[in-house]
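# Summary of the model geometry
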Amino acid sequence: PVKAPKLGRELPDVLSIPEVTALVEAPDVSTPLGTRDRALLETLYSSGVRASEAAGVKIPDVDLGQGVMRVLGKRKKERIAHLGSYAVKALRDYLAVRPALGRPSHDILFVNAHGGPLTTRSVQRVVERYVRQVLPGRNEVSPHTLRHTFATHLLDAGADLRVVQELLG
């Protein structure tokens, strides 16, 4: 019997470097929420973490000096995600204004305007809001797109595939 050829899976959407730059620079950092959004977008792109992983990060899990954070991935698997220098700076700025967001009484890193923890869905909404603002033609962009963009840009820059797989968990 003759086997049918494998159907190629469609590759996920990836943002160009100018598009990612426009996206992470879109939030108005003169406000506490804009500062949070910049930190969130920088973290998603710089570390390649999933929206659910970003939503679950606790402040003690973040080491800005080392540029790393501990995240809980799928199936409760723990891993270390690396943060680039832009994400580290954005997180420092955000942590300085975090108390202004409803005086949170818990240690979840990313909070909403009332100080409650951001949910995975809220993380998606933040990404969607800025995509509509600065990339109006690209409506299929989600936190997962930033994850694929992170991986693709690393591979384009010559990173080893195994290393990238490891970074993505």
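First things first, this report covers the structure right here in the doc. Since we're looking at a predicted model, the values are computed, not measured. (Residues numbered from 1 in each chain as written. Predicted model: local features only at pLDDT ≥ 70, side-chain atom pairs only at ≥ 80, totals over all residues. Heavy atoms only, no water.)

### Some words on the overall build of the protein
Assigned secondary structure in the protein consists of seven helices and three strands. Helices and strands appear in the protein in the N-to-C order α-α-α-β-β-β-α-α-α-α. A compact globule built from 169 residues should have a C-alpha radius of gyration of about 15 Å, and the protein, at 17 Å, falls within 12% of that. Each principal axis of the C-alpha atoms in the protein carries an extent, and together these give about 65 × 35 × 30 Å. Taken across its 169 residues, the protein has 43% of its residues classed as buried. (Helix = DSSP H or I, 4+ residues; strand = E, 2+ residues; numbered from the N terminus. Rg over C-alpha atoms; globule rule 2.2 N^0.38 Å. Buried < 20%, exposed > 50% of the residue type's maximum accessible area, 1.4 Å probe, protein only.)

### Remarks on helix 6 (residues 143–156)
In this model, helix 6 (14 residues) spans 20 Å end to end at C-alpha, consistent with the 20 Å of a helix rising 1.5 Å per residue. Among all positions of helix 6, only Pro-143, Thr-145, Leu-146, Arg-147, Thr-149, Phe-150, Ala-151 and His-153 are buried. The elements touched by buried residues of helix 6 are helix 1 (17–24), helix 2 (32–47), helix 3 (51–56), strand 3 (78–82), helix 5 (120–134) and helix 7 (161–168). Gly-158 sits one or two positions beyond helix 6 and adopts a positive phi of about 100 degrees. (Expected span 1.5 Å × (residues − 1). Contact = heavy atoms within 4.5 Å.)

### Regarding the sheet that holds strand 1 (residues 62–63)
With antiparallel pairing, three strands are arranged side by side in an open sheet as 1-2-3. If you trace the sheet from one side to the other, it starts and ends with strand 1 and strand 3, each paired once. Examined bridge by bridge, strand 2 (residues 68–72) and strand 3 share five bridges and lie antiparallel to one another. Directly across from Met-69, in strand 3, lies its bridge partner Ala-81. (Pairing = 2+ DSSP bridges.)

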